[in-house]
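Coordinate inspection notes
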Amino acid sequence: FALFPPNLAGLVLFFLFLALHNQSNTKTLFFPHLPRIFSSLLFLLILLIPLFLLYFAGRFYFAEISYKKAFDSQIKGVNTKTYEFITRAINYNPFDPKFRVFLSRISLSSFLTLLRKQNSDAGEKKILQSLLNQSIKEAQKTIELEPKFAPYYSYLAEIYFNAADSVNGAGDFALANY
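Residues numbered from 1 in each chain as written. Predicted model: local features only at pLDDT ≥ 70, side-chain atom pairs only at ≥ 80, totals over all residues. Heavy atoms only, no water.

1. Quick word on the side chain of Ser 104
Convention followed: A run of DSSP states H or I qualifies as a helix once it reaches four residues; a run of E qualifies as a strand once it reaches two. Both are numbered from the N-terminal end. Classification of residues uses two cut-offs on accessible area relative to the type maximum, computed with a 1.4 Å probe and protein chains only: under 20% is buried, over 50% is exposed, and between them is partly exposed. Contacts are residue-level and defined by heavy atoms, with any inter-residue pair within 4.5 Å sufficient.
Topologically, Ser 104 is positioned in helix α4 (residues 97-116). Among the residues examined, Ser 104 registers a relative accessible area of 0% and is labelled buried. If we skip the residues at most four places from it in the chain, Ser 104 touches Ser 135, Glu 138, Ala 139, Tyr 155 and Ile 159.

As structure tokens, then:
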């Protein structure tokens with residue numbers, strides 16, 4: 001059982017609480033020329049800044065954890081869990097392009113898998129169209145996030161190439177948009 005905090009931030013907070021406790025009967029806490037309300041606001045600010053930093057660091061951490069789970073479930077072949085985990089990762093951190101590329105690749109592979117099936121009805125054609133649109137949208141968003149990374153452009157071209165071979169009229173769409 002440790003009596004002292006294990007890190008520097010905990011140590012600083014410990015001594016701030018100690019100073020607040022020892023000087024609770026005096027008129028000021030930290031600075032004698034500031035009224036008590038300003039000292040209390042300064043103390044709250046010192047407490048809130050690490051909490052906000054922890055919140056944003058936690059979002060990035062949970063995004064990476066969700067990405068890892070999506071990657072693992074893709075290896076196992078559980079596509080519904082993969083889609084769920086990668087969308088959760090994008091919700092936690094929408095500014096990381098690798099999450100969007102992964103979602104785009106999942107959508108493209110699902111599109112190509114469904115396209116290879118011989119019997120496709122009107123419902124499956126709508127699903128095909130939505131998968132292709134999602135793949136293109138995520139690839140374009142990836143390029144918006146990191147426009148100087150050339151492999152993202154070639155990946156978008158690959159999507160258009162696959163669409164041009166498989167969907168009627170997609171070749172003209174690919175040439176117009178790429």
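So much for the structure itself; the text now carries on.
2. As for the confidence of the model for the protein
Cut-off, in case you're wondering: pLDDT measures the predictor's confidence residue by residue and takes values from 0 up to 100.
For the protein, per-residue confidence averages 82 on the pLDDT scale, and residues scoring 70 or more make up 78% of the total. Mean pLDDT across the secondary structure elements of the protein bottoms out at helix α7 (residues 170-177), with 64, and peaks at helix α3 (residues 79-92), with 94.

3. Points about the pattern of salt bridges
Worth spelling out the cut-off: Salt bridges are identified by distance alone: a Lys or Arg side-chain nitrogen within 4 Å of an Asp or Glu carboxyl oxygen.
Scanning all chains against the criterion turns up six salt bridges. Between Lys 68 and Asp 72 there is a salt bridge, with the nearest N and O atoms lying 2.8 Å from each other. Residue Lys 68 and its partner Asp 72 are located together in helix α2 (residues 36-76), separated by four residues, close to a single helical turn. Residue Asp 72 is classed as partly exposed on the basis of its relative accessible area of 28%. Where Arg 100 meets Glu 138, a salt bridge forms, and the shortest distance between an N and an O atom there is 2.9 Å. Of the two residues, Arg 100 sits in helix α4 while Glu 138 sits in helix α5 (residues 122-145), which places them 38 residues apart along the sequence. With a relative accessible area of 10%, Arg 100 lands in the buried category. By sharing partners, the salt bridges in this structure join Arg 100, Lys 137 and Glu 138 into a single network.

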